[in-house]
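One letter stands for each residue in the lines below.
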Amino acid sequence: MLRVEYIKEMNLQAGSRARIGGRIVKVNDLKIAKFIWVRDITGSVQVTVLKNGIDPELGKIAEQLAPNDFVIVEGTVPKEIKTALGRELLPTKIEIVSKTQGPSPIDIEGVNESSVDKRLSWRALDLRNQKNTAVFLVQSKLMEGMQRYFYSQRFMQTFTPSLMGSSSEGGSEVFQLKHFGKNAFLRQDPQLHRQLLMVAGFERVYEIGPSWRAELSNTPMHLTEHRTCAAEMSYIESEKDVMELEEGLIKSAMKTVAEECKEELALFGATMEIPEHFPVLEFPGVYDILEELGFKPKRGEEDYNKQGEAALGKYVKERYHSDFFFVNRFPYAIKPFYVMRFDDEPQWARSVDLMYRGLEISSGGQREHRHEKIIEQAKGKGLNVDNLKWFTEYFRYGAPTHGGFSIGIERLTMKILGMQNIREATLFPRTPDLLVP
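Residues numbered from 1 in each chain as written. Predicted model: local features only at pLDDT ≥ 70, side-chain atom pairs only at ≥ 80, totals over all residues. Heavy atoms only, no water.

Student: How should the overall build of the chain be read in this particular structure?
Tutor: Secondary structure summary: the chain contains 12 helices and 18 strands in total. Taken along its principal axes, the extent of the C-alpha atoms in the chain is 85 × 55 × 40 Å. Looking at the chain as a whole, 51% of its 437 residues qualify as buried. Accessible surface, the chain as shown: approximately 21,500 Å² in total, 51% of it carbon and sulfur. (Helix = DSSP H or I, 4+ residues; strand = E, 2+ residues; numbered from the N terminus. Buried < 20%, exposed > 50% of the residue type's maximum accessible area, 1.4 Å probe, protein only. Areas by Shrake-Rupley, 256 points an atom, 1.4 Å probe, with all protein chains shown as cover.)

What follows is the structure, encoded as structure tokens:
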């Protein structure tokens, strides 16, 4: 018996045999033949059941078929392929794996558009749509491109805890739960554990995993659970080494998508423009630009809001012809205790954001590695240093210079494809109102 093969990998030479599996998308019953479109993760094929001279058993099975049935089809490629799909199979055997039990509660093919909320409530069916499937093929290739780059730079993949004994960043946007009678928290970002791996001497690590934010926001830009691709590395001279690493990583990911997801990108009309170099804007100069654009944040106390973020994106696109740019030297007043400050200008932090098409997709920079400075800054932020001992005590015994970043995977996917709602760039999104499926 032939194995089930991907539709896209069928040998299209006349007379070639194939055995494919997939879901029926459409059935068109004409006088001379029944045309059945079958789709798998790679593409679609037309199964043409000719009515003259057909095997009675095959004809009986074909009469039962309907959209959303799952089938395995064995057959041969005809001498001349006439379908617009570019792939056709004359079946010798059709096996019904599973029959649909009624009309789909949503229009999977999107002819009659269902609301986003309804589609997300039937997400596994919604993901059958070819365009929705394409989102996650692109996302997968993004991660593949990143991982290739990490390995080329001698990074090792690691896994840090999702359960925390104390809030990793402070503030109220944290989910609390009970862990055998004790308070525990879902991580907002496992960066502190990645820093401890630098203390341990791992030098270059990356991880891909979820983080959580207990933010009561029901907007197209918010999730309570999101995924990141994060890195930390030792022996850096400054945050500029972090920017260089991240730029190389993003270029590798974008190149992989551009080369291997042409059909998926075409479904969205998406273009992949990868600049030679990512421009860098730095505070306090950013304030001058923002004021020129009509914004007036408090110097040294604020950075920019969402509208300012988008305006900076347009500014860089017009001036530097780049969708990507870094923002560096943020005011320390708005940054966490663990960031490194400029020793000669302590009002500024070695903190970096990467922006893409008017949206922040990552944050990072150089971390403070000197124990006395970490304690001083934690106290300056009003934090209880005893609650941070699980992290800070290790730095008493030496640590290399280090820094890193964390990239929002769903955000980057959404912006590449020009999508308007981050939930549609998430397989099973979690929001204040959405916990199932």
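This is not the end of the story, as more comes after the structure.
Student: Honestly, the nonpolar core in this entry has me stumped. Any pointers?
Tutor: One recurring pattern in soluble globular proteins is that nonpolar side chains are buried together. Residues M146, I250, L265, F324, L412, I416 and L417 are the most contacted members of the largest nonpolar core, which totals 48 residues. When residues in this core are grouped by element, the largest group, nine residues, is from helix 4 (residues 130-152). Core analysis: the second largest hydrophobic core is formed by 19 residues, V45, V47, V73 and I94 among them. (Core = buried A, V, L, I, M, F, W, Y, C linked by side-chain atoms within 4.5 Å.)

Student: I keep staring at the side chain of E88 and nothing clicks. Help me out?
Tutor: Along the chain, E88 turns up in strand 5 (residues 88-98). It is K82 that comes nearest to the buried, bridge-free E88 among opposite-charge side chains, at 7.6 Å. Reaching out from E88, the side chain makes a polar contact with the side chain of T48 at a distance of 2.6 Å. There is a polar contact of 3.2 Å between the side chain of E88 and the backbone nitrogen of K82. Those residues in contact with E88, other than ones at most four positions away along the chain, are M10, V45, Q46, T48, T76, V77, P78, E80, I81, K82 and T83. (Lys, Arg positive; Asp, Glu negative; His and termini not counted. Salt bridge = Lys/Arg side-chain N within 4 Å of Asp/Glu carboxyl O. Polar contact = N/O pair within 3.5 Å; in protein donor to acceptor, adjacent residues only side chain to side chain. Contact = heavy atoms within 4.5 Å.)

Student: Please clarify how the side chain of E5 should be interpreted in this entry.
Tutor: Along the chain, E5 falls in the segment before strand 1 (17-29). If near-sequence neighbours (up to four positions away) are discounted, E5 is found in contact with M10, R17, A18, R19, I20, G21 and D40.

Student: Help me understand unusual backbone geometry in this model?
Tutor: What is expected of a backbone is that most residues other than glycine have negative phi and most peptide bonds are trans. Residues F283 and P284 are joined by a peptide bond in cis, for which omega reads 5°. Even without a glycine there, the phi angle at R329 is positive, about 60°. Along the chain, the position of R329 falls in the loop between strand 13 (324-328) and strand 14 (341-342).

Student: What's the story with the pattern of salt bridges in this structure? I'm lost.
Tutor: For side chains bearing opposite charge, pairing can occur when the charged atoms are close. In this structure the tally under the stated criterion is 37 salt bridges. Where R148 meets E144, a salt bridge forms, and the shortest distance between an N and an O atom there is 2.5 Å. A residue pair is termed a helical-turn pair when its members lie 3 or 4 positions apart in one helix, as R148 and E144 do in helix 4 at four residues. Here R148 falls in the partly exposed class, since its relative accessible area comes to 39%.

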